[in-house]
Amino acid sequence: MPMQKYEYMSNVWRDGIFENKVVFCTGGAGSICSAQVRAMVHLGANACIIGRNVQKTENMARDIETARKGSRVLGLGGVDVRSPEALAKAAEKCAKELGAIDFVIAGAAGNFLATIDQLSPNAMKSVIDIDVLGSYNTLKATLPYLVESAAKHKTDGRTPPANGTGGRIIFVSATLHYSGTPLQTHASVAKAGVDAMAMAVAIEQGPKGITSNVIAPGPIAETEGIARLSKASAKEHAKGIPSGRWGTVKEIADATIYLFSDSGNYVNGSTVVVDGGQWHMAGIG
Ligand code: HXC
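Per chain, residues are indexed from 1 in the order of the written sequence. Reporting in this predicted model follows two pLDDT cut-offs: at least 70 for local features of residues, and 80 or more for side-chain atom pairs to be given and counted; totals over whole chains, interfaces and linings ignore these cut-offs and use all residues.

If you look the chain up in an unreviewed UniProt entry, it shows as 2,4-dienoyl-CoA reductase [(3E)-enoyl-CoA-producing] from Sporormia fimetaria CBS 119925.

Here is the structure:
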């Protein structure tokens with residue numbers, strides 16, 4: 001059998017791989033998700049970012065637009081992922097103004113440090129509502145568009161897609177629930193739910209050409225998460241991380257490009273943990 005010719009340079013790792021594609025992202029004004037979207041725009045995509053804070057979301061959209069000349073980035077503020085109606089409207093506006101939704105990043109999350117005795121029923125509910133129901137609402141609002149996009153890239157079922165990708169969703173999760181994390185019951189329960197949803201979607205919607213995966217960031221420098229959750233300094237904290245440092249938002253963006261590009265064609269129902277090996281250290285240190 002002749003060796004297959006590799007076409008990495010021309011096919012996958014090239015400028016413009018997401019040209020004429022649209023990414024829809026909740027939590028898009030945040031430090032991690034804005035980096036994910038910026039990388040997609042840098043490689044050709046247009047984008048729609050969703051956030052609760054109007055000014056912050058619109059400002060971030062303008063800022064991301066500078067990643068590539070001629071790109072369009074809609075910033076839809078005032079949208080709470082806990083509202084299915086608001087998300088449905090946002091998805092409709094995105095598709096109307098940008099023409100499609102090919103990729104989705106379900107990134108909105110809520111968190112704080114609290115022991116169970118400090119955690120009121122409403123506090124627990126708020127985090128589950130934002131993380132679990134918010135991800136569900138994001139998926140529900142965008143799934144018809146993802147299915148439409150996936151159909152454009154579907155092949156005979158034996159060969160990988162050859163004309164770019166679409167119909168893909170990434171849920172941004174965490175590693176908190178891989179072990180017991182004190183002060184994080186609410187977020188651990190919520191992220192376990194998010195992971196379960198991503199896997200179910202992968203199995204159920206996979207035959208339509210959809211891929212559904214999870215990115216689980218560890219401690220990432222210069223993020224709201226680390227500001228809210230880490231009491232230790234970066235140097236102190238790094239002692240518990242095999243790679244010896246906090247991660248960068250670029251490293252989460254790179255994982256995103258992997259999953260959304262041709263590189264990730266056959267990756268479905270997976271979790272890409274980007275944490276410098278930290279969760280394997282649970283219980284040590
Ligand atoms: C205990 C708290 C609390 C705290 C809020 N609550 N902060 N309880 N400790 N520090 C309680 C409130 O008292 C209230 O309960 C309930 O939570 C809801 O709070 P509200 O402020 O009314 O709700 P809301 O405005 O909807 O805010 C939601 C939120 C907030 C989750 C509480 O923190 C938020 O909006 N966060 C969004 C941004 C964010 O958290 N980003 C970081 C994600 S980091 P009562 O009983 O008083 O009514 C992340 C990384 C994870 O996800 C992995 C890292 C490794």
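Chemist: Can you walk me through helix 4 (residues 84-98) in this structure?
Modeler: For an α-helix the count is 3.6 residues per turn, leaving residues at separations of three or four pointing the same way. Taking 1.5 Å as the rise per residue, helix 4 with 15 residues should run 21 Å; its terminal C-alpha atoms sit 21 Å apart, in good agreement. Backbone-placed C-beta atoms define the burial measure: a residue is buried with 20 or more other C-beta atoms within 10 Å of its own, exposed with 12 or fewer, and partly exposed in between. Think of it this way: any DSSP run of H or I at least four residues long counts as a helix, any run of E at least two long counts as a strand, and we number them from the N terminus. Of all the positions in helix 4, only Leu 87, Ala 90, Ala 91, Cys 94 and Leu 98 are classed as buried. Along the axis of helix 4, the buried positions cluster into a sector of 100 degrees, meaning they face one direction only. Of the exposed residues in helix 4, those oriented more than 90 degrees away from the buried face are Glu 85 and Lys 96. Here, residues touch in the contact sense if the C-beta positions derived from the backbone fall within 7 Å of one another. At its buried positions, helix 4 is contacted by strand 1 (22-26), strand 2 (46-50), strand 3 (73-76) and helix 5 (121-153). Among the residues trailing helix 4, Gly 99 stands out with phi positive, at a value near 95 degrees. The span expected for a helix works out to 1.5 Å for each residue beyond the first. Here, the arc refers to the directions that run from the helix axis to the C-beta atoms.

Chemist: Explain the pairing of strand 6 (residues 211-217) to me, please; I cannot follow it from the model alone.
Modeler: Looking along a regular strand, one sees side chains alternate from face to face of the sheet. For strand 6, the tally of buried residues reaches seven of seven residues, placing the bulk of the element in the interior. Alternating positions in strand 6 separate into two faces, Thr 211, Asn 213, Ile 215 and Pro 217 on one and Ser 212, Val 214 and Ala 216 on the other, with burial throughout. Two elements, strand 5 (residues 168-172) and strand 6, share five bridges in a ladder whose sense is parallel. The residue bridging Val 172 from the neighbouring strand is Ile 215, located in strand 6. Strand pairing is assigned whenever DSSP detects at least two bridges linking the two strands.

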